[in-house]
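Chain by chain, the residues run as shown.
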Amino acid sequence: MTTVNNNPGSSVDNAAATAAMNKANANTKDLTAETQDRFLNLLVTQLQNQDPLNPMDNAQVTSQMAQLSTVNGINQLNNTLLALSGQMDVSQSMQAANLIGKEVLVPGNKISLGSAPDDPTAKESTPFGVDIMAPATKVVVTVLDASGKAVRQIELGPQPVGVMTVQWDGKDDGGLPMADGAYTIQVAAMDADANPVSVEALRYGKVSSVAYSSNGLRLDLGLAGNYSLLDLRKIM
C-alpha cells in the first residue's frame, strides 16, 4: 500500500506508479511481438509443408492473416487501456494529495458537541451535512443523544437537489444547552405530495493522509475513520 502525504515523498510514489505503468506497457509490447512471431512461424511452416497437389488457397491465407491482424489490434487496444488506467491512477493520486488538511463531508451520522472555539461559554457541534437526491419541500434533521433519545429537531424547509452543510447550536428543543459528547443524526425528507425523498446523512472529517491500496485511494479522516475517495461528498 502506498501512502501519499504532503511532502516530497509523494513525488517518489508518483514516480514509482509511472515506472510500474511503463513496465506494464513494455511487457504488453513484448507479448504482442512474441505472438506475432509465433503466428508467422506457424504460417510459414504450414506453407512450406503443404500438399503440392492441394495447396492452400488465397482465401485461407487471407483468413489467417486477418486473424493475426485481429489479435494484434486487441493487444494494442489492451496496451492503450493499460496506459490510460495507469495515467488515471497517477492523476488521481496527485489530486488526492491536495486533499490533505482539507475538511470534508462523507457518509455517516455521528457528530460531537463541545465548546465553541470563539466562545467557550457557547456550545457548537461538528459540522454535518445532508445529501438530497431529489427536490424536497420539507427536510428535517433529528439529533439523538447517546441513549437514542431525540433531543432536537431542525427544520431545513424546502431544499433542491445537492449537498448542504448544517450546524447544530447544541441546544435541545426547549432551548437548553446539551452536555458535551457524542450524538447521532437522522434525516428525513418529503416532496410536494408527501412522498419520501431519498436523503443521506453526512459526517465531518479532516483528511490527515491519503493511501493507495488494492481497494483504490483511501482517505484517512482520523477519528472519523477511513473512507474511499468515492465516498467524498463535499470539500469544505
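Keep in mind it's a predicted model, so treat the numbers as computed, not measured. (Residues numbered from 1 in each chain as written. Predicted model: local features only at pLDDT ≥ 70, side-chain atom pairs only at ≥ 80, totals over all residues. Heavy atoms only, no water.)

1. Some words on the overall build of the protein chain
Point 1. Scanning the protein chain from N- to C-terminus turns up two helices and 14 strands.
Point 2. Here the protein chain, with 236 residues, has 32% of them falling under the buried criterion.
Point 3. A fraction of 65% describes how many contacts in the protein chain between residues 6 or more apart in sequence connect residues 24 or more apart.
Point 4. Within the structure as shown, the protein chain displays about 14,000 Å² of accessible surface, and the carbon and sulfur contribution to it stands at 55%. (Helix = DSSP H or I, 4+ residues; strand = E, 2+ residues; numbered from the N terminus. Buried < 20%, exposed > 50% of the residue type's maximum accessible area, 1.4 Å probe, protein only. Contact = heavy atoms within 4.5 Å. Areas by Shrake-Rupley, 256 points an atom, 1.4 Å probe, with all protein chains shown as cover.)

2. Comments concerning the sheet that holds strand β2 (residues 103-107)
Point 1. What the five strands build is an open sheet, ordered β8-β5-β10-β2-β14; its pairing is antiparallel. Strands at the two margins of the open sheet, each flanked by one partner only, are β8 (162-166) and β14 (234-235).
Point 2. As defined by bridge partners, β2 adjoins strand β10 (residues 199-206) across five bridges and the pair is classed as antiparallel. Residue pairing for β10: P107 is matched across the bridge by L202. (Pairing = 2+ DSSP bridges.)

3. Focus on the nonpolar core
Point 1. Judged by nonpolar contacts, the single largest core of 21 residues is most densely connected at F128, V130, V143, L156, W168 and Y183.
Point 2. Secondary-structure elements contributing two or more residues to this core are β3 (110-116), β5 (128-132), β6 (138-144), β7 (150-155), β8 and β9 (181-190).
Point 3. With residues up to four places along the chain from it excluded, the contact list for L156 reads V130, V139, V141, M164 and V166.
Point 4. Grouped together as the second largest cluster of nonpolar side chains are twelve residues, A96, L99, V104 and V207 included. (Core = buried A, V, L, I, M, F, W, Y, C linked by side-chain atoms within 4.5 Å.)

4. What to know about the side chain of T142
Point 1. Here T142 lies in strand β6.
Point 2. Ignoring anything within four residues of it in the chain, the contact list for T142 reads A150, R152, Q153, T184, I185 and Q186.

5. Quick look at the pairing of strand β11 (residues 209-213)
Point 1. In terms of burial, β11 is a largely internal element, four of the five residues being buried.
Point 2. Pairing of β11 with strand β12 (residues 216-220) involves five bridges; the strand directions are antiparallel. Among the inter-strand pairings, S209 is bridged to a residue of β12, identified as D220.
Point 3. Turn length for the β11-β12 hairpin, with the two strands adjacent in sequence and antiparallel, is two residues.

6. Re the pattern of salt bridges
Point 1. Summed over all chains, the structure comprises five salt bridges.
Point 2. Note that D180 and K123 form a salt bridge whose closest N and O atoms lie 2.4 Å from each other. One end of the pair, D180, is in the loop between β8 and β9; the other, K123, is in strand β4 (residues 119-125), and 57 residues separate them in sequence.
Point 3. Of the residues examined, D180 reaches a relative accessible area of 43% and is grouped as partly exposed.
Point 4. Residue K123 is classed as partly exposed on the basis of its relative accessible area of 27%.
Point 5. Across the salt bridge formed by R233 and E200, the nearest N and O atoms sit 3.7 Å from each other. Residue R233 is found in the loop between β13 (226-228) and β14, and its partner E200 is found in strand β10; the two are separated by 33 residues along the sequence.
Point 6. Judged by relative accessible area, R233 falls into the partly exposed class, the value being 31%.
Point 7. It is possible to trace a salt-bridge network through shared partners that takes in D131, E200 and R233. (Salt bridge = Lys/Arg side-chain N within 4 Å of Asp/Glu carboxyl O.)

7. Quick word on the sheet that holds β3
Strand pairing in a sheet relies on backbone hydrogen bonds. The paired strands run either parallel or antiparallel.
Point 1. Sheet architecture is open: five strands sit in the order β4-β3-β9-β6-β7, paired in antiparallel fashion. Both outer strands of the open sheet, β4 and β7, are each paired with one neighbouring strand and no more. Averaged over all pairs of adjacent strands, the angle between strand axes in this sheet comes to 30°, irrespective of strand direction.
Point 2. Alignment of β3 against β9, held across four bridges, turns out to be antiparallel. Residue pairing across strands places I111 opposite Y183, the latter belonging to β9. (Axes fitted to C-alpha atoms, helices over the stretch in contact; angles between N-to-C directions.)

8. Considerations on the pairing of β2
Point 1. With four of five residues buried, β2 lies mostly within the body of the structure.
Point 2. Of the strand pairs in this sheet, β2 and β14 are connected by two bridges, and their pairing is antiparallel. If you follow V104 over to β14, its bridge partner there is I235.

Honestly, it's all geometry; don't read function into it.
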